[in-house]
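# Per-entry structural report
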Amino acid sequence: ISDIKIEPNNFNISLYGPDNEKLTNLSSGEQELVIFALLWSIIEISETQYPLVFDTLLGRIDEKHRNNIIKFLLSKTDRQIIILSTDSEIDNEHYKDLRPYIERDYLIYKEDKLNHKSAIKKNFFYEKKDEVVV
């Protein structure tokens, strides 16, 4: 992507390649990276410190970009970030990289599927410890 144009009337986004050709067939992972980059740009110029909430932040992103997001973006911010993820999205190695920046982590799981009861345990998938009452 060499250029991004955002229409001021409707906020439609157009992406252009190095030969000024309009890019139209981005993969879902590429689309997420563009959205993430735009969001991060807005965050950087904003003077307001809102917490960020990401649901499946790394779900469609390839391994190289997952590592870059963890190493260069998430680890360098002073903002509160809440990440909702699955165990396939953040594996044991990613979790180890994120762990120094995590204040608290929880595992929410279906304890009783028949009665639709969930339970919350302290710590993520890889460090199951104390259970919290829901």
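Please read these numbers as outputs of a predicted model, since none were measured by experiment. (Residues numbered from 1 in each chain as written. Predicted model: local features only at pLDDT ≥ 70, side-chain atom pairs only at ≥ 80, totals over all residues. Heavy atoms only, no water.)

## Focus: the environment of F54
Let me state the cut-off plainly: Working definition: helices are DSSP H or I runs of at least four residues, strands are E runs of at least two. Numbering for both runs from the N terminus. It only takes one pair of heavy atoms within 4.5 Å for two residues to be counted as in contact.
If you trace the backbone, F54 turns up in strand β4 (residues 52–55). Sequence spacing of F54 and L84 is 30 residues, and the spatial spacing of their C-alpha atoms is 6.1 Å. With near-sequence residues (within four places) excluded, F54 lies in contact with F36, L39, W40, I81, I82, I83 and L84.

## What to know about the layout of surface pockets
As a reminder of what qualifies: Using protein atoms alone on a 1 Å grid, points that fit a 1.4 Å probe yet trap it form a cavity, whereas open point sets bounded by protein on both sides within 12 Å along at least five of seven lines form a pocket; residues with an atom within 4 Å of a point count as lining. Grid points are joined across faces, edges and corners, and a volume is the space filled by probe spheres set on the points. Ten residues, namely Ala, Val, Leu, Ile, Met, Phe, Trp, Tyr, Cys and Pro, are considered nonpolar, four, namely Asp, Glu, Lys and Arg, are considered charged, and the remaining ones, Gly among them, are considered polar.
In this structure, the largest pocket spans a volume of roughly 860 Å³. Lining the largest pocket are 24 residues; nearest its centre among them are I81, I82, I83, I102 and R104. Of all the secondary-structure elements, those providing two or more residues to the lining of the largest pocket are β5 (81–84), α3 (92–98) and β6 (106–112). A per-class count over the lining of the largest pocket returns 15 nonpolar, 4 polar and 5 charged.

## Here we look at the side chain of D105
Test applied: Burial classes: relative accessible area under 20% of the type maximum marks a residue as buried, over 50% as exposed, and values in between as partly exposed (1.4 Å probe, protein chains only). Within this scheme the basic residues Lys and Arg register as positive and the acidic residues Asp and Glu register as negative, but His and the chain ends are omitted. By definition, a salt bridge exists where a carboxyl oxygen of Asp or Glu is found within 4 Å of a side-chain nitrogen of Lys or Arg. Under the rule applied, a polar contact is a pair of N or O atoms within 3.5 Å (in protein, one hydrogen donor and one hydrogen acceptor; residues adjacent in sequence only if both atoms are side-chain atoms).
If you trace the backbone, D105 turns up in the loop between α3 and β6. One buried charged residue, D105, forms no salt bridge at all, with the nearest opposite charge on R99 at 4.4 Å. Of note is the side chain of D105, whose polar atom sits 2.3 Å from the side chain of Y95.

## A few points about helix α2 (residues 63–73)
Just so we agree on the cut-off: Each direction from the helix axis to a C-beta atom contributes to the arc, which is the arc of those directions.
Within α2, burial applies to R66, I69 and I70. One side of α2 carries all its buried residues, which in axial view fall inside an arc of 90°. On its buried face, α2 is in contact with α1 (28–45) and α3. Two or three places before K64, at the start of α2, stands the capping residue D62, its side-chain oxygen 3.3 Å from that residue's backbone nitrogen.

## Examining the confidence of the model for the chain
Worth spelling out the cut-off: Confidence of the predictor at the level of single residues is captured by pLDDT, which takes values from 0 to 100.
Averaged over all residues, the pLDDT of the chain equals 82, while 92% of them reach at least 70. Element-level pLDDT for the chain is lowest in strand β8 (residues 131–132), with a mean of 48, against a maximum mean of 93 in strand β3 (residues 22–23).

## Comments concerning the sheet that holds strand β2 (residues 13–16)
Backbone-to-backbone hydrogen bonds join strands into a sheet, with any given pair of strands oriented parallel or antiparallel. Which entries qualify depends on this criterion: Two strands are counted as paired when DSSP detects at least two bridges linking them.
If you walk across this open sheet you meet the 3 strands as β1-β2-β3, and the pairing is antiparallel. Whereas interior strands pair on both sides, the edge strands pair on one side only; in this sheet they are β1 (3–6) and β3. In the sheet, β2 pairs with β3 via 2 bridges, with the strands oriented antiparallel. Across the sheet, residue L15 finds its bridge partner in β3, namely L23.

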